[in-house]
Amino acid sequence: MDPIRMVDLKSQYNQIADEVQSALNDVIESTAFINGPAVKQFQANLEQYLGVKHVIPCANGTDALQIALMGLKLEPGDEVITADFTFAATVEVISLLRLTPVLIDVDPKTFNIDPKAIEAAITPKTKAIIPVHLFGQTADMEAINAIAEKHNLYVVEDNAQGIGATYTFKDGSKAKTGTLGHVAATSFFPSKNLGAYGDGGAIFTNDDDLAHFIRGIVNHGMYKRYYHDVVGVNSRLDAMQAAILNVKLKYLDYYNERRKEAAIRYTQLLGEHPNIVTPYREADCSSHVFHQYTLRIIDRDRDALVDFLNENGIPCGVYYPVPLHRQKAYAQPNTDESLFPVTNQLVEEVISLPMHSELTIEQIEFIAEKVLAFLS
Ligand SMILES: *Cc1c(COP(=O)(O)O)cnc(C)c1O
């Protein structure tokens, strides 16, 4: 059995090496290193894949979130509601823009922002909600959009972990995550489901005016060369990364399918154990692209399980060990801990097992066997 990795970019690369090399060669030969044809092509291909009118490539997922928020022209002190249980980038950009992050608890089943908690957190200053499709599971967008409409709020999807997932509305219609709010941000960090070989990100929107505004923001606030209408940033997707992403986008559905197969096998092996809660998923799995396969370990020592797996050559991750409301950078004095019962419990219980498109059945069975051996 090959060594087990949390993500296996090398084996994945080996299968597409010729295509990637030739795409990189084309960029080098063309010398179109900045915003050249490779970037334009990737933008168009991703627009088509997602069914969204505008994809605006940028340098990384954190920039994508920041620029999406800049596009909404919020005022300092405006409140932005987001999940307490997510990667820090989501809240970091809110604070950087001098907006006020309002962290709320998540749903214990999906780990995603809890619509009931959103309603309770809305004040006259609330201007936007950032749902995160955490670990690849779609947030409850229909409920979130309904609340946003009622209170006249923007919805900014953090789709860094959810690219390729399909959301199904109550009426049966479907759409890809990242196309469901006013604007969305994603990341092409190498370990993401659509990962580059370096940093990358993108913003998505169906709003023509917002897309135009954002295309200027990413380019120093220029709409006409050397005329700077707004304070912008310099955030570009590198042409080499775009060329690689163009190759990998063709395989995204295949990669996500492989992740789902691995998740289904894990759940078959682990789902019956009384101390394990396997990830929630809908019957056809369409709502989940398993960026992570994250278990809850109930009434047992999660940290000891991490050590045990590591000793057995199995890498694993704890995403995330500290809720954002308790991070030094974001903690507020006199926080009412009773507002965060779910997050406070999840940080003690979660463990993410190796998950990528190259996992073999043999590896999955070995990992599951060790998890069960520890808990037996
Ligand atoms: C990875 C990630 C980001 C940030 O992406 P970078 O490209 O690393 O800047 C933001 N939000 C979430 C939920 C992420 O997982």
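Model, not experiment: these values are computed from the prediction.

Helix and strand counts for the protein chain come out as 12 helices and 14 strands. Its C-alpha atoms give the protein chain a radius of gyration of 21 Å, within 12% of the compact-globule value 21 Å for 376 residues. A total of 376 residues make up the protein chain; the buried ones form 57% of that total. Counting only contacts in the protein chain whose residues sit at least 6 apart along the sequence, the fraction spanning at least 24 positions is 72%. Counting only carbon and sulfur atoms, one obtains 51% of the accessible surface of the protein chain, whose full area is about 16,500 Å². Positive and negative side-chain charges of the protein chain, numbering 32 and 48 respectively, have mean locations separated by a distance of 3 Å.

This part takes up the sheet that holds strand E12 (residues 276-277). Across the sheet, three strands lie side by side as E12-E13-E14; this open sheet has antiparallel pairing. Only two strands of the sheet have a single partner each, and these edge strands are E12 and strand E14 (350-353). The pairing of strand E13 (residues 293-297) with E14 spans four bridges and is antiparallel. Along E14, the bridge assignment pairs Leu295 with Ile351. Set on the sheet, helix H10 (residues 302-311) makes contact with E13 and E14; between it and E14 the angle comes to about 20 degrees.

Assigned domains of the protein chain: these are domain 1 (9-105 + 112-249) and domain 2 (252-375). Facing the 37 residues of domain 1 at the interface are 32 residues of domain 2. With both sides pooled, the region where domain 1 packs onto domain 2 buries about 2,900 Å², and carbon together with sulfur makes up 55% of that total. Looking only at domain 1, the three residues that lose the most surface to domain 2 are Phe85, Phe135 and Asn193, adding up to 26% of its buried area. Linking domain 1 with domain 2 are zero salt bridges, by the criterion used here.

Okay, the site of the ligand next. Taken together, 15 residues form the shell around the ligand, and within it Gly61, Thr62, Gln161, Ser187 and Lys192 come nearest. At 2.8 Å from an oxygen atom of the ligand is found a side-chain nitrogen or oxygen belonging to Gln161. The side chain of Ser187 places a nitrogen or oxygen atom 2.7 Å from an oxygen atom of the ligand. In isolation the ligand has 380 Å² of accessible area, and contact with the protein removes 92% of it.

A few words now on the nonpolar core. Counting 32 residues, the largest nonpolar core has Phe42, Leu46, Phe188, Leu194 and Phe204 as its most contacted members. Going through the elements one at a time, helix H1 (9-30), helix H2 (37-50), strand E9 (201-205), helix H8 (239-249) and helix H9 (252-270) are the ones with two or more residues in this core. One finds Ile81, Val106, Ile144 and Leu346 within the second-largest nonpolar core, a separate group that totals 31 residues.

It is worth spelling out the packing of aromatic side chains at this point. Going through the model one piece at a time under the given rule, you end up with 15 aromatic pairs. An angle of 90 degrees between the planes, with centres 6.2 Å apart, marks the rings of Phe85 and Phe135 as edge-to-face. Here the residue Phe85 occupies a position in the loop between strand E2 (79-83) and helix H4 (89-96), and Phe135 occupies one in the loop between strand E4 (126-130) and helix H6 (141-151), the gap between them amounting to 50 residues. Of the two residues, Phe85 and Phe135, neither departs from the other in class, the shared state being buried. In textbook terms, an aromatic cluster arises when at least three aromatic residues are bridged by ring pairs, as seen for Phe85, Phe87, Phe111, Phe135, Tyr319 and Tyr320. One residue, Lys73, lies across the ring of Phe213, its end atom 4.6 Å from the ring centre. Just above the ring of Tyr280 sits the side chain of Lys109; from NZ or CZ to the centre is 4.4 Å.

It is worth spelling out the sheet that holds strand E5 (residues 154-158) at this point. Across the sheet, seven strands lie side by side as E1-E9-E8-E5-E4-E2-E3; this open sheet has mixed pairing. Across the chains shown, the open sheet's two edge strands, defined by having one partner strand only, are strand E1 (54-58) and strand E3 (100-104). Strand-to-strand twist in this sheet, taken as the mean axis angle between neighbours without regard to direction, amounts to 25 degrees. The pairing of E2 with E4 spans four bridges and is classified as parallel. Looking at E4, one finds that Thr82 is bridged to Ile130. Against the sheet, helix H3 (residues 61-70) contacts E1, E4, E5, strand E8 (183-187) and E9, and its axis sits at roughly 165 degrees relative to E8.

Parameters at a glance
- Residues numbered from 1 in each chain as written.
- Predicted model: local features only at pLDDT ≥ 70, side-chain atom pairs only at ≥ 80, totals over all residues.
- Heavy atoms only, no water.
- Helix = DSSP H or I, 4+ residues; strand = E, 2+ residues; numbered from the N terminus.
- Rg over C-alpha atoms; globule rule 2.2 N^0.38 Å.
- Buried < 20%, exposed > 50% of the residue type's maximum accessible area, 1.4 Å probe, protein only.
- Contact = heavy atoms within 4.5 Å.
- Areas by Shrake-Rupley, 256 points an atom, 1.4 Å probe, with all protein chains shown as cover.
- Lys, Arg positive; Asp, Glu negative; His and termini not counted.
- Charge placed at Lys NZ, Arg CZ, Asp CG, Glu CD.
- Pairing = 2+ DSSP bridges.
- Axes fitted to C-alpha atoms, helices over the stretch in contact; angles between N-to-C directions.
- Domains from an automatic or database assignment.
- Buried area = accessible area lost by both parts, 1.4 Å probe.
- Salt bridge = Lys/Arg side-chain N within 4 Å of Asp/Glu carboxyl O.
- Near = heavy atom within 4 Å.
- Polar contact = N/O pair within 3.5 Å; in protein donor to acceptor, adjacent residues only side chain to side chain.
- Core = buried A, V, L, I, M, F, W, Y, C linked by side-chain atoms within 4.5 Å.
- Phe/Tyr/Trp six-rings, centres within 6.5 Å; stacked < 30°, edge-to-face > 60°.
- Lys NZ or Arg CZ within 6 Å of the ring centre and 35° of its normal.

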